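Listed below, chain by chain, are the residues.
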Amino acid sequence: MGMGFVGLTTAAFFSSRGIPVIGIEIDEIKNQKIREGWVEPYFHEDGLKELLDQVPEGYLKVGSDYNSAIKNTDMTMIAVGTPSDEQGKISLRFVESAARSIGIALIEKPGWHLVVVKSTVVPGTTRDVGRIIAEESGKIIGQDLGLCSNPEFLKEGSAVKDSLEPDRVMIGGFDEKSSQALAAFYQQIYKDRIAEKKTKIFCQGLENAELVKYTANSLLALKISFANEIATIAEKIPGVDVKEVMKGVFSDYRINREFLNAGLGFGGSCFPKDVIALLNFAIEKGCLAPILHALLQVNNNQVIHTIEIIEKILGGLNNKKIAILGLAFKPNTDDLREARSTKLVSNLLNKGARIFVTDPKVKYEDFISELIQEDAKRYNQVLRTILTDPSTNDEKKVHQVFQNTLKQSVTYGTIEECLEQASACILVTEWPEYNNISPKTFQSLMREPKLLFDGRRIYNALSFKDFDVKYQGIGLGAADT
Ligand code: UDX
């Protein structure tokens, strides 16, 4: 249930391995796109198209008729979204509505049926899902029905690879029978990897599995924020480079090197949302969780800190042309959710800068929509101005005017068009295409002071030594700091 990036990737993976799957999605427009998407899936995910091409004829069906889908299958996986509400608490409305639909469909279904919650949910939710299903169906969980939590660890951009080659499968079972049934399913799928000790299957209690997901994401986010905090300290010491410092740090066998890359901070659909959800969950339970609080603060500060550096070097930002290389929240995706680019551009616009952006995958219109959401404050200002003119007194018009205002200050172009006459360039997303921009290109296209701010540390600082480009990178203590 739910044909988002987790649901569709999982459905494509299972069906490509010969397991018949029915994808249930209430949004028929999305279904239509997926059906047409045998050639081009409706969002960009490396290898997904190829995986869908491997699905044997008839093994993956997509539709909105959950009733018949649930009745004609042995297991239902819930993979619907769990967005944040206005207070940052996890909103369970889609999960609860899925649970209700499953309960209704199971009233008349004979035999044992396994329900699995794949969506990221706070501890206790899967048990609640079970309660809703039991209420609706009149059946007993642990007797007539099985229930598991099975959190997902897929990364966007490598979701297909992560499905094919996971390090672990985490199963939280309501009872032994449920855990064993789901474990047997995965043992079959990952037979070879398990034999080679490359994939482990863990069976624990429901709430443990739910908390594993939040803990893993929060710890990874913490590693990033920790590296960013050290980077800010490193910037104050001439000649120090956080990248070198980290090499020394992770040569300790107890410290794994992953997710210690300092940069503009983390974005995406998971880390920011999950850390905030865990923080709110902790507060509700009476825990202060100061570390979760601090790691979010460090993440938000990376963008502000970057702008301060650029503003100082440029002597103000008003009317300065700033080039932005990369918009997606990370390479290999067109996803803009919580992307650092929107926060950065929105702040730069507020300081009067003119922005030129480029990205290999993100569409200009999508970026503008994201900016509108980010910039609710400015939007309200436009709203107020417009509302003084009664002839334009409608929300749609405000949206249009705001969109046009943004389009005047944010231009989209090629790498060269972006760099041309830009006083500063900020590398936001480390797309491989940007590795090859030579110091000479930056030098010849940009205008003084030709500041290149490397927000992901992809360039070698030394390669700019003989060029008239002012190179500055996150975590790099420059001589004049
Ligand atoms: C993450 C988790 O990795 C995955 O297990 C979970 O299922 C969903 O959330 P995802 O959001 O797709 O996956 O992206 P990920 O590759 O983890 O990167 C998240 C963000 O952290 C990106 O913005 C990335 O640029 C940033 N990041 C990552 C850093 O700033 N430094 C690092 O060292 C690593």
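Each chain carries its own residue numbering, running from 1 in the written order of its sequence. Given that the model is predicted, a residue must reach a pLDDT of at least 70 before its local features are reported, and side-chain atom pairs must reach 80 or more before they are shown or counted; all residues, however, enter totals for whole chains, interfaces and linings. Excluded from the side-chain calculation are hydrogens and water; included are all heavy atoms of the structure.

1. Considerations on the overall build of the protein chain
Here is step 1 of the chain: Strands are runs of DSSP state E lasting at least two residues, helices are runs of H or I lasting at least four, and both sets are numbered from the N terminus onward. A count of helices and strands for the protein chain gives 19 helices and 13 strands.
Here is step 2 of the chain: With C-alpha atoms as the basis for the radius of gyration, the globule rule is written as 2.2 Å multiplied by the number of residues raised to the power 0.38. Radius of gyration (C-alpha) of the protein chain: 25 Å, near the 23 Å computed for a compact globule of 481 residues.
Here is step 3 of the chain: Its C-alpha atoms give the protein chain principal-axis dimensions of roughly 75 × 65 × 50 Å.
Here is step 4 of the chain: Burial analysis of the protein chain (481 residues in total) assigns 52% to the buried set.
Here is step 5 of the chain: Residue-level accessible areas treat just the shown protein chains as cover; the underlying method is Shrake-Rupley with a 1.4 Å probe. Split by element, the accessible area of the protein chain, about 22,700 Å² in all, is 53% carbon and sulfur. Under the scheme applied here, a residue whose accessible area is under 20% of the maximum for its type counts as buried, over 50% as exposed, and between as partly exposed, the area being computed with a 1.4 Å probe on protein chains only.

2. Some remarks on the side chain of threonine 10
Here is step 1 of the chain: One can find threonine 10 in helix 1 (residues 5–16).
Here is step 2 of the chain: Using a relative accessible area of 9% as the deciding quantity, one classes threonine 10 as buried.

3. Some points on helix 15 (residues 364–374)
Residue pairs three or four apart in sequence face the same way in an α-helix, which turns once every 3.6 residues.
Here is step 1 of the chain: Of the positions making up helix 15, those classed as buried are Tyr364, Phe367, Ile368, Leu371 and Ile372. For helix 15, the angular spread of the buried residues around the axis is 145°, confining them to a single face. Here the arc refers to the directions that run from the helix axis out to each C-beta atom.

4. Regarding the site of the ligand
Here is step 1 of the chain: Looking at the ligand, there are 19 residues lining it, with Phe153, Leu154, Glu156, Phe329 and Lys330 nearest.
Here is step 2 of the chain: Residues adjacent in sequence count toward polar contacts only when both atoms are side-chain atoms; beyond that, a polar contact is any pair of N or O atoms within 3.5 Å, and within protein one must be able to donate a hydrogen and the other to accept it. Note that an oxygen atom of the ligand is positioned 3.5 Å from one of the backbone N or O atoms of glutamate 152.
Here is step 3 of the chain: At 2.6 Å from an oxygen atom of the ligand is found a main-chain nitrogen or oxygen belonging to glutamate 156.
Here is step 4 of the chain: Isolated, the ligand exposes 670 Å² of accessible area, and the fraction of that covered by the protein chains is 91%.
Here is step 5 of the chain: Top element by residues in the shell around the ligand is helix 10 (residues 206–234). It accounts for 3 residues. Near, as used in this document, describes a residue that has one of its heavy atoms within 4 Å of the molecule or strand being considered.

5. Some points on the nonpolar core
The nonpolar side chains of a soluble globular protein tend to be buried, and buried together.
Here is step 1 of the chain: Judged by nonpolar contacts, the single largest core of 65 residues is most densely connected at Ile322, Ile324 and Phe442.
Here is step 2 of the chain: Contacts of isoleucine 324, omitting those with residues within four sequence positions, involve Leu344, Val345, Leu348, Ile355, Phe356, Val357, Thr358, Cys418, Ile426 and Val428.
Here is step 3 of the chain: Here, the term nonpolar core denotes a set of buried Ala, Val, Leu, Ile, Met, Phe, Trp, Tyr and Cys residues that are joined through side-chain atoms within 4.5 Å. Counting 40 residues, the second largest nonpolar core, distinct from the first, contains Ala69, Ala98, Val122 and Ile224. Contacts were defined at the residue level, with two residues in contact if any of their heavy atoms lie within 4.5 Å.

6. Looking at unusual backbone geometry
Here is step 1 of the chain: A cis amide bond, omega 5°, links glutamate 448 with the succeeding residue proline 449.
Here is step 2 of the chain: Positionally, proline 449 belongs in the loop between helix 19 (439–445) and strand 12 (451–454).
Here is step 3 of the chain: The phi dihedral of phenylalanine 259 falls on the positive side, at around 60°, and the residue is not glycine.
Here is step 4 of the chain: Assignment of secondary structure puts phenylalanine 259 in the loop between helix 11 (242–249) and helix 12 (271–284).
Here is step 5 of the chain: On the basis of relative accessibility, which here comes to 26%, the residue phenylalanine 259 falls in the partly exposed class.

7. Brief notes about the sheet that holds strand 5 (residues 145–149)
Here is step 1 of the chain: Two strands pair under a simple rule: DSSP has to find at least two bridges between them. One open sheet accounts for 5 strands, arranged 3-4-5-6-7; its pairing is mixed. Among the strands making up the open sheet, the edge pair consists of strand 3 (75–78) and strand 7 (200–205). This sheet shows a mean twist of 25° between the axes of neighbouring strands, independent of strand direction.
Here is step 2 of the chain: The sheet contact formed by strand 4 (residues 113–117) and strand 5 spans 5 bridges and is parallel. Its bridge partner being in strand 5, leucine 114 is matched across the sheet by glycine 146.
Here is step 3 of the chain: Sitting on the sheet, helix 8 (residues 176–189) touches strand 3, strand 4, strand 5, strand 6 (168–173) and strand 7, and the angle it makes with strand 6 is about 160°.
Here is step 4 of the chain: Across the sheet, helix 10 is in contact with strand 5, strand 6 and strand 7; its angle to strand 7 comes to roughly 120°. Under this scheme, a helix contributes an axis fitted over its contacting stretch, all axes are lines through C-alpha atoms, and angles between N-to-C directions fall in the 0 to 180 degree range.

8. Details of the pattern of salt bridges
Here is step 1 of the chain: The term salt bridge refers to a side-chain nitrogen of Lys or Arg lying within 4 Å of a carboxyl oxygen of Asp or Glu. In this structure the tally under the stated criterion is 25 salt bridges.
Here is step 2 of the chain: Close ionic contact of arginine 340 with glutamate 338 constitutes a salt bridge, the shortest N to O distance being 3.9 Å.
Here is step 3 of the chain: Residue classification places arginine 340 among the buried positions, given a relative accessible area of 4%.
Here is step 4 of the chain: Across the pair glutamate 430 and arginine 456 runs a salt bridge, and its minimum N-O distance is 3.8 Å. A residue pair is termed long-range when its members are at least 10 positions apart, and glutamate 430 in the loop between strand 11 (424–427) and helix 19 and arginine 456 in the loop between strand 12 and strand 13 (470–473) qualify at 26 residues.
Here is step 5 of the chain: Judged by its relative accessible area of 18%, arginine 456 is buried.
Here is step 6 of the chain: By sharing partners, the salt bridges in this structure join Glu338, Arg340, Lys343 and Glu374 into a single network.

9. Let's talk about the environment of methionine 246
Here is step 1 of the chain: By the secondary structure assignment, methionine 246 is in helix 11.
Here is step 2 of the chain: Looking at methionine 246, the relative accessible area reads 6%, which means it is buried.
Here is step 3 of the chain: As a C-alpha pair, methionine 246 and alanine 262 span 16 residues in sequence and 9.4 Å in three-dimensional space.
Here is step 4 of the chain: Beyond its immediate sequence surroundings of up to four residues, methionine 246 is in contact with Ala227, Ile230 and Leu260.

10. A closer look at the packing of aromatic side chains
Here is step 1 of the chain: Each aromatic pair joins two rings of Phe, Tyr and Trp (for Trp, the six-membered one) with centres within 6.5 Å, and gets the label stacked for planes under 30 degrees apart, edge-to-face for over 60, and tilted for any other angle. Using the criterion set out here, one finds 13 aromatic pairs in the structure.
Here is step 2 of the chain: Judged by centre distance (6.1 Å) and plane angle (10°), the ring pair of tyrosine 186 and tyrosine 190 falls under stacked. This pair shows no difference in class: tyrosine 186 is buried, exactly as tyrosine 190 is.
Here is step 3 of the chain: With 5.7 Å between their ring centres and 85° between their planes, phenylalanine 442 and tyrosine 459 make a pair best called edge-to-face. In this pair, phenylalanine 442 is assigned in helix 19 and tyrosine 459 in the loop between strand 12 and strand 13, connecting sequence segments 17 residues apart.

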